[in-house]
Amino acid sequence: MKSLIYHNPGCGTSRNTLAMMKASGEAPEVVEYLKAPPSREQLVTLLSMMQITPRDLLRRKGTPYDELGLDNPTLSDTQLIDTMIAHPILINRPIVVTDKGARLCRPSERVLDMLESPITHFAKEDGDVIHHAGETQ
């Protein structure tokens, strides 16, 4: 299976995740999800694969989260998914899919345990250096 990243090039975490994947020898399919959002079926599948709820995937910062009242605990999963489909900026990123599963990679180094041959050292855009010694799940 070819790896895949739901990516926002305007997001530093997403850029760092993609860079770690490439530095580890991956050539992922890059889906700029703001330009090509996942379908409802794809989003539901991703949520199932990640074993998280729609609320866990909602992004608050820089989105219409507050304006849409998404902190309302009575909103159903279906309503939250509908809202993410209507406003893809609400989907937190990056989401990475590999043979090892799917994961929201925040922080970006969460991607390393999903890769076949992860790098052991990586300098993020902000200068932080990641040291990876293997499985940390």
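Read on for a plain summary of the structure. Everything numeric in this text was worked out from a predicted model, so none of it was measured. (Residues numbered from 1 in each chain as written. Predicted model: local features only at pLDDT ≥ 70, side-chain atom pairs only at ≥ 80, totals over all residues. Heavy atoms only, no water.)

## Here's the deal with the pairing of strand β1 (residues 4–7)
Inference 1: Across the two faces of β1 the burial is the same, with L4 and Y6 and I5 and H7 all buried.
Inference 2: With helix α1 (residues 12–23) bridging β1 and its parallel neighbour strand β2 (residues 29–32), the resulting β-α-β unit is right-handed.
Inference 3: Here β1 pairs with strand β3 (residues 95–98) via 3 bridges, running antiparallel. What sits directly across from I5, in β3, is V96. (Buried < 20%, exposed > 50% of the residue type's maximum accessible area, 1.4 Å probe, protein only. Helix = DSSP H or I, 4+ residues; strand = E, 2+ residues; numbered from the N terminus. Right-handed = clockwise from strand over helix to strand, strands pointing away. Pairing = 2+ DSSP bridges.)

## Things to note about the pattern of salt bridges
Oppositely charged side chains can pair when the atoms bearing their charge come close.
Inference 1: For the structure shown, the criterion picks out 4 salt bridges.
Inference 2: In this structure, D82 engages R40 in a salt bridge whose closest nitrogen and oxygen atoms are separated by 1.7 Å. Here R40 lies in helix α2 (residues 40–50) and D82 lies in helix α4 (residues 77–86), a separation of 42 residues in the sequence.
Inference 3: Judged by relative accessible area, which is 35%, R40 ranks as partly exposed. (Salt bridge = Lys/Arg side-chain N within 4 Å of Asp/Glu carboxyl O.)

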